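Per-entry structural report
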Amino acid sequence: MAEDLWKKEYDFAVAVARKAGAVIREAGEKEIKVCTKSSTVDLVTKTDERVEKIIIGSLKEEFGEGTHCFIGEESVAKGEPCILTDKPTWIIDPVDGTTNFVHGFPFVAVSIAFAVNKELEFGVVYSCLEDKMYKARRGKGAFCDDDRITVSDVEEIKKSIIISEHGTDRSPEKVKKIFSTMQKILCIPVHGLRGSGTAATNMCLVACGAVEAFFEIGIHCWDIAAGAVIVKEAGGILLDVDGGPFDLMSRRMVSANNKKIADRIIKEIEIFPAERDDAPIQKK
Ligand SMILES: O=P(O)(O)O[C@H]1[C@H](O)[C@@H](O)[C@@H](O)[C@@H](O)[C@@H]1O
Ligand SMILES: [Mg+2]
């Protein structure tokens, strides 16, 4: 029988995501010592770092040192390169929704994706406070736990819910564009604007049909890589915010249930620059 390519890695990723989610749930007050990264509102905790070490350590133990590459949010924050090559690569956000985690806002996700030859083979998003395991393998459909999920069939923008996030950049010119975009979309009018505070969860909400679209400028590859597979396998569409092809490393993305909704949203998005994830690291 033909080898079921990457199934071993997929099954192991699901198990590791569930284990990581349990660590997050059990990480009480003791670990939520908050530090900051790119800004005073870009939070990181000991849990983010510990969970990423657990995930990467488990993957290396299972699949060997040096066989796979890793792009992890907290490793990159410490100076590891963020370059996607043709090699089998794990793309990991150990705690997506860190601000939520710190505040006890109930949406926190472990996001693990796997790419080979720069193509995303599978994605796993474990919403650990809801205990929902979203997962998808390329060409094999999308699931929440054991249930098949598909995007919404809504085509009319005026019957949609749209998710957008304001991210962690508080510079006035970017905030102005973010809220001007939100205002234009809200006043189409759409049924509502929402945001869970975690991009990975937002993409799963598109994939299971709870909302029609989620877009954001400023996210990173680790926030959206797993969700991208899940949205696509649920029948959704992924585009750049200018309507061009989806670019995982560009730090901008539109995910939607169909092109009609995506195109209508794209018309309203006021684009602002975000340095690519794979931009050369500026020598200090
Ligand atoms: O919690 P993170 O892993 O930092 O990612 C969040 C980000 O912090 C938040 O500002 C939003 O952009 C969310 O979409 C990200 O998932
Ligand atoms: Mg994240």
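Under the annotation held in an unreviewed UniProt entry, the protein carries the name Inositol-1-monophosphatase and is attributed to Sparus aurata. UniProt, in its Cofactor (unreviewed entry) section for the protein, records the words "Mg(2+)". The Pathway (unreviewed entry) comment attached to the protein in UniProt states, word for word, "Polyol metabolism; myo-inositol biosynthesis; myo-inositol from D-glucose 6-phosphate: step 2/2."

Below, the discussion takes up the overall build of the protein. Helices and strands together make up the secondary structure of the protein, namely 8 helices and 14 strands. Taken against the 2.2 N^0.38 rule, which gives 19 Å for 284 residues, the C-alpha radius of gyration of the protein at 18 Å falls within 12% of a compact globule. Across its three principal directions, the C-alpha atoms of the protein cover 50 × 50 × 35 Å. For the protein, buried positions account for 54% of its 284 residues. Carbon and sulfur atoms make up 54% of the accessible area of the protein, which totals about 13,200 Å². Averaging the positions of the 39 positive and the 46 negative side-chain charges in the protein gives two centres separated by 2 Å.

Next up on the list: the environment of Ile237. Tracing the backbone shows Ile237 in strand β13 (residues 237–239). On a C-alpha basis, the gap between Ile237 and Asn258 in space is 5.9 Å, while along the polypeptide they are 21 residues apart.

What links the strands of a sheet is backbone hydrogen bonding, and the strands pair in either a parallel or an antiparallel sense. The 7 strands lie next to each other as β3-β4-β5-β6-β7-β8-β9, forming an open sheet whose pairing is mixed. Edge strands, defined here as strands with exactly one partner in the open sheet, are β3 (69–72) and β9 (147–148). Both β3 and strand β4 (residues 89–96) contribute to a ladder of 4 bridges, which runs parallel. Opposite Phe70, over in β4, you have Trp90 as the bridge partner. Sheet strands touched by helix α1 (residues 7–26): β4, β5 (109–116), β6 (119–127) and β7 (132–137). Its angle to β6, the strand with the most contacts, is close to 30 degrees. Strands in contact with helix α2 (residues 46–63) are β3, β4 and β5; relative to β4, the strand with the most contacts, it is inclined by about 150 degrees.

Those residues carrying the UniProt feature "binding site: Mg(2+) 1" (unreviewed entry) are Glu73, Asp96 and Asp223 in this numbering. For the annotated residues, spread through 151 residues, the largest C-alpha to C-alpha distance comes to 9.4 Å, consistent with a single compact locus. Taking relative accessible area as the criterion, Glu73 reaches 11% and is therefore assigned buried. Structurally, the position occupied by Asp96 is in strand β4. Its relative accessible area of 5% is what places Asp96 among the buried residues.

On domain assignment, one finds that the protein holds domain 1 (7–149) and domain 2 (157–266). Just the C-alpha atoms count here: the centres of domain 1 and domain 2 sit 20 Å apart. In this assembly, 38 residues from domain 1 lie in contact with 24 residues from domain 2. Summed over both sides, the interface of domain 1 with domain 2 buries roughly 2,300 Å², with 71% coming from carbon and sulfur. For the interface between domain 1 and domain 2, the tally reads 0 salt bridges. Inspection of the domain 1/domain 2 interface yields 9 residue pairs in polar contact (both at pLDDT 80 or more). Elements that contribute at least two residues to the side of domain 1 that touches domain 2 include exactly β3, α3 (73–77), β4, β5, β6 and β7. With 5 residues, the top contributor of residues to the side of domain 1 that touches domain 2 is β6.

Protein-derived coordination of the magnesium ion (ligand 2) comes from Asp93 (OD), Asp96 (OD) and Asp223 (OD), at a distance range of 1.7 to 2.0 Å. All donors of the magnesium ion (ligand 2) belong to a single chain; written as a sequence motif, their spacing is D-x2-D-x126-D. With respect to class, Asp93 is no different from Asp96; both count as buried.

Definitions and limits used
- Residues numbered from 1 in each chain as written.
- Chains lettered and ligands numbered in written order.
- Predicted model: local features only at pLDDT ≥ 70, side-chain atom pairs only at ≥ 80, totals over all residues.
- Heavy atoms only, no water.
- UniProt positions renumbered as here; feature names shortened; annotations may be inferred.
- Helix = DSSP H or I, 4+ residues; strand = E, 2+ residues; numbered from the N terminus.
- Rg over C-alpha atoms; globule rule 2.2 N^0.38 Å.
- Buried < 20%, exposed > 50% of the residue type's maximum accessible area, 1.4 Å probe, protein only.
- Areas by Shrake-Rupley, 256 points an atom, 1.4 Å probe, with all protein chains shown as cover.
- Lys, Arg positive; Asp, Glu negative; His and termini not counted.
- Charge placed at Lys NZ, Arg CZ, Asp CG, Glu CD.
- Pairing = 2+ DSSP bridges.
- Contact = heavy atoms within 4.5 Å.
- Axes fitted to C-alpha atoms, helices over the stretch in contact; angles between N-to-C directions.
- Domains from an automatic or database assignment.
- Buried area = accessible area lost by both parts, 1.4 Å probe.
- Salt bridge = Lys/Arg side-chain N within 4 Å of Asp/Glu carboxyl O.
- Polar contact = N/O pair within 3.5 Å; in protein donor to acceptor, adjacent residues only side chain to side chain.
- Donors = N, O, S within 2.8 Å, 3.2 Å for Na, K, Ca; no water.

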